[in-house]
Structure formats: structure tokens, C-alpha cells
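Chain residues, written in single-letter form:
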Amino acid sequence: MLQFIFTKTERYPGLEVEHNQFQRNVQTLIVNFKYRGFWRTILGVLAIICAKVGLPVLEEYRFFKQNRRESGLDTDGIVELDELDIPDGMRSSASRYEAASDFEFRHVLEKLHIDYPAYNFIDYGSGKGAIHAAAARYPFKSVSGVELSGEMHQIALRNIETVKQQDRVRAASLTSVHGDATSYALPPCPHVIYVFNAFGADVLQAVLDGISADLADVREPIYFLYNNPMHHKLLDMNPDYTKLWNAFGGKWMVFAKMK
Ligand SMILES: C[S@@+](CC[C@H](N)C(=O)[O-])C[C@H]1O[C@@H](n2cnc3c(N)ncnc32)[C@H](O)[C@@H]1O
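Read on for a plain summary of the structure.

About the cut-offs
Residues numbered from 1 in each chain as written. Predicted model: local features only at pLDDT ≥ 70, side-chain atom pairs only at ≥ 80, totals over all residues. Heavy atoms only, no water. Pairing = 2+ DSSP bridges. Helix = DSSP H or I, 4+ residues; strand = E, 2+ residues; numbered from the N terminus. Axes fitted to C-alpha atoms, helices over the stretch in contact; angles between N-to-C directions. Contact = heavy atoms within 4.5 Å. Phe/Tyr/Trp six-rings, centres within 6.5 Å; stacked < 30°, edge-to-face > 60°. Buried < 20%, exposed > 50% of the residue type's maximum accessible area, 1.4 Å probe, protein only. Near = heavy atom within 4 Å. Polar contact = N/O pair within 3.5 Å; in protein donor to acceptor, adjacent residues only side chain to side chain.

### Structural notes on the sheet that holds strand 5 (residues 120-124)
Taken in spatial order, the 7 strands line up as 7-6-5-8-9-11-10 in an open sheet, and their pairing is mixed. What marks the edges here is a single partner per strand, and that holds for strand 7 (174-178) and strand 10 (241-247). Put simply, the sheet's adjacent strands are angled 20 degrees from each other on average, direction ignored. Two strands pair when backbone bridges link them, and strand 5 and strand 6 (residues 142-147) are joined in this way by 5 bridges, in the parallel orientation. Its bridge partner being in strand 6, Ile-122 is matched across the sheet by Ser-144. Relative to strand 7, helix 7 (residues 150-165) is tilted by about 170 degrees, and along the sheet it contacts strand 6 and strand 7. The strands touched by helix 8 (residues 201-214) are strand 5, strand 8 (191-196), strand 9 (222-227), strand 10 and strand 11 (252-257); relative to strand 9, the strand with the most contacts, the crossing angle is about 165 degrees.

Here's what the structure looks like:
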């Protein structure tokens, strides 16, 4: 147990970047208190402990169940690569679907202290839309996602309708596009770019090349939020990008591209 808490390792070898589990767990707890509040966090932690020791109580307070109840969105679960409706030729460069924590995302985003209305937000590999729905809570000029799987994209469209009906959208526009991240053109304005380990190094490099070409004339900083940054070396080595900070023990990395 202690080894699990303190070791710098991936929790799911091959699927997760090596990071400091202890720092991640502490920061996750802090972020839960910040967004979920004291009692819901305590109940969630107790629910985890009960599940670990096999006690069939507090099941309804498991964090993912709290999320589903409160957001009303269909973003749950893991969809393995062979279950995703994506072209066979792209399967080896894609990642399975799983939703990121919108609390982790909101914490990282708020630390940027940007002027939201001046920025577009784009999630490359947006899946069922958990994160671009979370981004739409902020007054961005636009929030969009591009997703390769038609089935995931259809669910994202339904989730967009749900958040609009709940009156939780402060962004001026919120869209999901069905397509390949490498063919998605960005308008020439400041962007917050988000990727949750959606694809392999070749596709990420093509996406970075597209960003450089599309945003070549933008003077303001472009932010790149990389969740589970399996291929962060591409950004580390790219002279256009500067690493600003790590969050959650290195499970997230934040880069800026300055003109
Ligand atoms: C780990 S999920 C991330 C979901 C969402 N961004 C989030 O943070 O909750 C990765 C998603 O990327 C999609 N994907 C993989 N390759 C892609 C590509 N070339 N273009 C667009 N989407 C892609 C997958 O279908 C999958 O839904």
C-alpha cells in the first residue's frame, strides 16, 4: 500500500504516464474538497474505503456515481479501442475512450488566469464531451471538441443539449465535430488546447504541426493542457513550447506556446 502511495509510477502500466502517485492523491483530495465540498468528499472517500474492504455500503457516494447524479451527463465508463467505431487504419494510433475528471480539469484551467472571452477552447479527442462540457462553464469565445468515433460524437451532442438545458453554458458557443484531429483547422485566435492522451506520437506531432501553421500569426500565448501526457517529450523538445508546470504529480502537464 505504502509503495503504491509513494512510488513514482504509472497506475496502469502502458496506459498511464509515470507520475508521483502521492502528490496526485493529495492534490486530488484538495480539489475534491474545493469543488465537491467537505461532506461529499468525506462520503466519497469512505465509499472508496468500504468498497476496498468489501463492505456493501455507501455505494451511492462513489465519486463517479456522485458525478453522474449531479451532472446528468452520460460520460461514464471505458470504451476499449476495439469497441470504438473508428477506421481500422487509425486504431493503432488512437487511445480508448475514458472521461477525465472535470474537477482536475477545472483546477488546471483556473490556474491559467486567462481572459476567457479572448480564447477559444478545443479538446482534441473529445469523446463523450465530459471536458468540453466542463470548459463551457467558463465564458470562452468558443468551446469545441473533435472526436474520431461517430458513436462517441453522438453521445457528446446529447450531452451538449443536456448542459444547455441545465443552463450551465457560459461560453458563447459549444460544438462537437465528428472527425480526425489532424484535419481539424483552428481559426487564427488565442486558444486553450486540451488533449487527454487521445493518440500516439505520430498523430500528436501532426496535430502540433497543424497548430503551428494555423496559429502562426497569433501573438497571445497558446496554452496546451496535456492530461496523461504519454508523449510529452514531443512538447519538451519543441522549441516553440515552454513547460509552465506539472499538476497532480505529473499526471497533467501545462505548456505555453509564445510567439
Ligand atoms: C481518453 S479519451 C478522452 C476523452 C475526453 N477528451 C476527456 O478528457 O474526457 C480519447 C478519445 O480520443 C479519440 N481519438 C483518438 N484518436 C483520435 C483522432 N485522431 N482524432 C480525434 N479523436 C481521436 C478516441 O476515440 C477517444 O474517444
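### Here we look at the packing of aromatic side chains
For the coordinates displayed, the defined rule picks out 13 aromatic pairs. Ring plane angle 20 degrees and centroid distance 5.7 Å describe the contact between Phe-33 and Phe-38, whose orientation is recorded as stacked.

### A few points about unusual backbone geometry
The residue Leu-58 is not glycine, and still its phi comes out positive at about 60 degrees. Assessed through its relative accessible area of 28%, Leu-58 is described here as partly exposed. For Phe-248, which is not a glycine, the phi torsion comes out positive at approximately 55 degrees.

### Some remarks on the site of the ligand
Surrounding the ligand, one finds 25 residues, the nearest of these being Asp-123, Gly-125, Glu-147, Ala-181 and Tyr-194. Between a nitrogen atom of the ligand and a side-chain N or O atom of Asp-180, the distance comes to 3.0 Å. Between the ligand and Ala-181 there is a distance of 2.9 Å, counted from a nitrogen atom to a backbone nitrogen or oxygen. For the shell around the ligand, the secondary-structure elements that each account for two or more residues are strand 4 (97-98), strand 6 and strand 8.

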